[in-house]
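What follows is the residue order along each chain.
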Amino acid sequence: MGDLLKGISSFRGAVFPDHQALYRRLAEEGQQPQALMISCADSRVMPETITQSGPGELFVCRNAGNIVPPFSTANGGVSSAIEYAVVALGVRDIIVCGHSDCGAMKGLCYPDLLKPMPNVAAWLKHSHAAHSIVCEAYPGDLPERQRVRAIAMENVVVQLDHLRTHPSVAAKLATNDITLHGWFFDIETGEVLVYDGAAARFTDINEDRPLPVAVTGRGRPHVMPQAAE
């Protein structure tokens, strides 16, 4: 806690003064973020740092597993954040960002780890489809690291599908007023992969280099993890 308090002092004394005019304008005029980013709560994943965004530029919703529950009439924090971002703030882009070495995705692989965390286990039901896809469509002998990576990538696609069930998002998609994006952040390398919906695969954001895919019996390509180093 001491380091956090020192950080606040440093922000107030060394950082804030250089941006005081910006914060004053944001306080007076309100926020107009470019996009909503739904990312994992993992402390190693920092959306503003990854995108180099400043105050007021990115509306962020974080939770375990970067999950978007399908729309329901029951109130929920993620659903409320989506609705507010789309309706009140008018964001035109929504990003679902998964990442490597995701603890939530490991929990899907090893349910026994979740026995002391019933709320986490219940939350991860929204990612069971990703786990099922990997079990059915990927090689059964994938090393653990690559299996977790594959589930995390498939989970991004599953959550994009869930986003489309939200009325506020569906309405904007129908009029081409919003675009959905799937990203995958590699913690070790800093690489960001983007999901190509037409090709159903992730591509390197800088090199436009597609990753290998496996085609399931349903005819839908699924992302294959990179070979182990």
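Predicted model, so just to flag it, every value in this text is computed and none were measured.

K.L.:
Tell me about the side chain of Ser79, and name the residues and values.
P.N.:
For Ser79, the position within the fold is in helix H4 (residues 77-88). Note on Ser79: relative accessible area 17%, which makes it buried. In this view, Ser79 contacts Pro69 and His166; residues no more than four positions away in its chain are not counted.

K.L.:
Would you mind going over the nonpolar core in detail, with residue names and values included?
P.N.:
Leu36, Ile38, Ile82, Ile94, Met105, Leu163 and Phe202 are the most contacted members of the largest nonpolar core, which has 47 residues in total. It is helix H8 (residues 144-163) that provides the largest number of residues to this core, a total of 10 residues. In this view, Ile94 contacts Leu36, Ile38, Val86, Leu163, Val169, Ile178, Thr179, Leu180 and His181; residues no more than four positions away in its chain are not counted. One finds Met37, Cys97, Phe185 and Val192 within the second-largest nonpolar core, a separate group that totals 9 residues.

K.L.:
Give a detailed account of the sheet that holds strand E1 (residues 35-40), specifying residues and quantitative values.
P.N.:
Pairing between the strands of a sheet comes from backbone hydrogen bonds, and it takes one of two forms, parallel or antiparallel. A sheet is described by the order of its strands in space; here 6 strands give the open sequence E2-E1-E3-E4-E5-E6, paired in mixed fashion. Unpaired on one side and paired on the other, strand E2 (58-63) and strand E6 (201-204) mark the two borders of the sheet. The mean inter-strand angle of the sheet, taken between neighbouring strand axes irrespective of direction, is 30°. Here 6 bridges tie E1 to E2, and the two strands are oriented parallel to one another. When the sheet's bridge partners are listed, Cys40 is paired in E2 with Asn63. Helix-sheet contacts for H8 involve E1, strand E3 (93-99), strand E4 (179-185), strand E5 (192-196) and E6, and the interaxial angle to E4 is about 165°.

K.L.:
Talk me through the packing of aromatic side chains; I want residue IDs and the actual numbers.
P.N.:
In this structure the tally under the stated criterion is 6 aromatic pairs. Measuring from centroid to centroid gives 5.9 Å for Phe11 and Phe16, while their planes differ by 65°, and the two rings are edge-to-face. Consider the rings of Phe11 and Tyr23, whose centres lie 6.2 Å apart with planes at 85°: the pair is edge-to-face. Here Tyr23 lies in helix H2 (residues 20-29) and Phe11 lies in helix H1 (residues 2-15), a separation of 12 residues in the sequence. Through pairs of rings, three or more aromatic residues link up here, namely Phe11, Phe16 and Tyr23. The ring of Phe16 is capped by Arg12, whose NZ or CZ atom sits 5.1 Å from the centre of that ring.

K.L.:
For the side chain of Asp186, give the residues involved together with the corresponding values.
P.N.:
Examined against the element boundaries, Asp186 turns out to sit in the loop between E4 and E5. Looking at Asp186, the relative accessible area reads 9%, which means it is buried. From its side chain, Asp186 meets the backbone nitrogen of Thr189 in a polar contact 3.2 Å long. With residues near it in sequence (within four places) discarded, Asp186 still touches Ser100, Arg149 and Glu191.

K.L.:
Now, about the packing of helix H7 (residues 128-137) against H8: what can you tell me, with residues and values included?
P.N.:
How two helices pack is summed up by the angle between their axes together with the distance between the axes. Two elements in contact, H7 and H8, have axes whose closest approach is 8 Å; the angle formed by their N-to-C orientations is 130°. In terms of orientation, H7 lies oblique with respect to H8. As for the relative orientation of H7 and H8, their crossing is right-handed in sense. Contacts between H7 and H8 involve Ala129, Ala130, His131, Ile133, Val134 and Cys135 from the first element and Arg147, Ala150, Ile151, Glu154, Asn155 and Val158 from the second. In terms of residue class, the contact of H7 with H8 is built from 8 nonpolar, 2 polar and 2 charged.

The rules behind these values
Residues numbered from 1 in each chain as written. Predicted model: local features only at pLDDT ≥ 70, side-chain atom pairs only at ≥ 80, totals over all residues. Heavy atoms only, no water. Helix = DSSP H or I, 4+ residues; strand = E, 2+ residues; numbered from the N terminus. Buried < 20%, exposed > 50% of the residue type's maximum accessible area, 1.4 Å probe, protein only. Contact = heavy atoms within 4.5 Å. Core = buried A, V, L, I, M, F, W, Y, C linked by side-chain atoms within 4.5 Å. Pairing = 2+ DSSP bridges. Axes fitted to C-alpha atoms, helices over the stretch in contact; angles between N-to-C directions. Phe/Tyr/Trp six-rings, centres within 6.5 Å; stacked < 30°, edge-to-face > 60°. Lys NZ or Arg CZ within 6 Å of the ring centre and 35° of its normal. Polar contact = N/O pair within 3.5 Å; in protein donor to acceptor, adjacent residues only side chain to side chain. Parallel < 35°, antiparallel > 145°, perpendicular 65-115°, else oblique. Left-handed = near helix turned anticlockwise from the far one by under 90°. Nonpolar A, V, L, I, M, F, W, Y, C, P; charged D, E, K, R; others polar.

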